[in-house]
Amino acid sequence: MTLNLVKLCVGCSAIEELAAWIDFRLDERRQAGLSIEQFHTTRMVPKRIDELLDGGSLYWVIKGNIQCRQRLTDIRTFPDDQGISRCHLVLEPRIIVTEWQPRRAFQGWRYLTSEDVPADEGQGKSGRAKLPPELRNELASLGLL
């Protein structure tokens, strides 16, 4: 059974900011001669790794709504400089826009079952991804999206 993660995208107020951050980090790695992969470092290590890597994604909460996802390609544990276990959630750099789904703030990440995930944009009936980012964010802040 496929399992997913949901996490707050702290510091981003739009999908476009997340995309710019990913591009920036990949370019940094390219210039440093490192492998070109995108990952997110997290303090807690998921226990259900096999289920997550069976087609799972990391769903990003931006401005109080799940708005997009990235497919998980690997989960690598490592000890930090103090010997505490951490992990890299290795992600496909491509962002897949989803239907918006409201989420309250939380810390860390949470598991998200396949039954609870929002549909990918275009699979549902909303066309909000076609709106300019500024308009989309303004409508969302007014509670209209």
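Details of the structure are given in the entry above.
Residues numbered from 1 in each chain as written. Predicted model: local features only at pLDDT ≥ 70, side-chain atom pairs only at ≥ 80, totals over all residues. Heavy atoms only, no water.

1. Some details on the packing of aromatic side chains
To be explicit about the condition: Only Phe, Tyr and Trp rings take part, Trp by its six-membered ring, and two of them pair if their centres are within 6.5 Å. Stacked means planes under 30 degrees apart, edge-to-face means over 60, and tilted covers everything else. Relative accessibility under 20% of the residue-type maximum defines a buried residue, over 50% an exposed one, and the middle range a partly exposed one, all with a 1.4 Å probe and only protein chains included. The rule for a charge over a ring is simple: NZ of Lys or CZ of Arg within 6 Å of the ring centre, and within 35 degrees of the ring normal.
With the rule as written, the count across this model stands at two aromatic pairs. Ring centres of Trp109 and Tyr111 lie 5.1 Å apart, and the angle between their planes is 70 degrees; this geometry places the pair in the edge-to-face category. What makes Trp109 buried here is its relative accessible area of 13%. A cation over a ring is seen here: Arg48 above Tyr111, with NZ or CZ 5.2 Å from the ring centre.

2. Re the nonpolar core
Keep this limit in mind: Residues belong to a common nonpolar core when they are buried Ala, Val, Leu, Ile, Met, Phe, Trp, Tyr or Cys residues joined through side-chain atoms within 4.5 Å. Runs of H or I in DSSP of at least four residues are treated as helices and runs of E of at least two as strands, each being numbered from the N terminus. It only takes one pair of heavy atoms within 4.5 Å for two residues to be counted as in contact.
Leu5, Leu18, Trp60, Cys68 and Leu89 are the most contacted members of the largest nonpolar core, which totals 21 residues. If you list the elements that add at least two residues to this core, you get strand S1 (3-8), helix H1 (15-31), strand S3 (57-62), strand S4 (65-79) and strand S5 (85-91). With four residues, H1 is the largest single contributor of residues to this core. Look past the residues within four positions of Leu18 in its chain and what remains in contact with it is Cys9, Cys12, Trp60, Cys68 and Ile95. Core analysis: the next-biggest nonpolar cluster, separate from the first, contains six residues, Val61, Ile66, Phe106 and Leu112 among them.

3. So, the pairing of S1
Put simply, the rule is: Think of it this way: DSSP has to see at least two bridges between two strands before they count as a pair.
Extensive coverage of S1 is indicated by the burial of five of its six residues. One ladder, built from five bridges, connects S1 with strand S7 (residues 109-113); its direction is antiparallel. Bridging from a neighbouring strand, Leu3 pairs with Thr113 of S7. Here S1 runs beside S3; their pairing, made up of four bridges, is parallel. Bridge pairing in S3 places Val6 opposite Tyr59.

4. Remarks on the side chain of Gln38
Test applied: What qualifies as a polar contact is a pair of N or O atoms within 3.5 Å, subject to a donor-acceptor requirement within protein and to the restriction that residues adjacent in sequence count only when both atoms come from side chains.
Topologically, Gln38 is positioned in strand S2 (residues 38-42). A distance of 2.5 Å separates the side chain of Gln38 from the side chain of Gln70, its partner in a polar contact. Apart from the residues lying within four places of it in its own chain, the contact partners of Gln38 are Ile22, Leu26, Gln70, Leu89, Val90, Leu91, Glu92 and Pro93.

5. Description of unusual backbone geometry
Across the chain, the bulk of peptide bonds are trans and the bulk of non-glycine residues have phi less than zero. Not every positive phi belongs to a glycine, and Lys63 is a case in point at roughly 55 degrees. Tracing the backbone shows Lys63 in the loop between S3 and S4. Judged by its relative accessible area of 59%, Lys63 falls in the exposed class.

6. Quick notes on the pattern of salt bridges
Here is the rule we go by: What counts as a salt bridge is simple: a side-chain nitrogen of Lys or Arg found within 4 Å of a carboxyl oxygen of Asp or Glu.
Following the criterion strictly, the structure yields nine salt bridges and no others. The closest approach of N and O atoms between Asp27 and Arg30, which form a salt bridge, is 3.5 Å. Taken as a pair, Asp27 and Arg30 lie in helix H1 at a separation of three residues, close to a single helical turn. With a relative accessible area of 33%, Asp27 lands in the partly exposed category. Given a relative accessible area of 48%, Arg30 falls into the partly exposed group. Taking the shortest distance from any N to any O, the salt bridge between Glu37 and Arg76 comes out at 2.7 Å. Here Arg76 lies in strand S4 and Glu37 lies in the loop between H1 and S2, a separation of 39 residues in the sequence.

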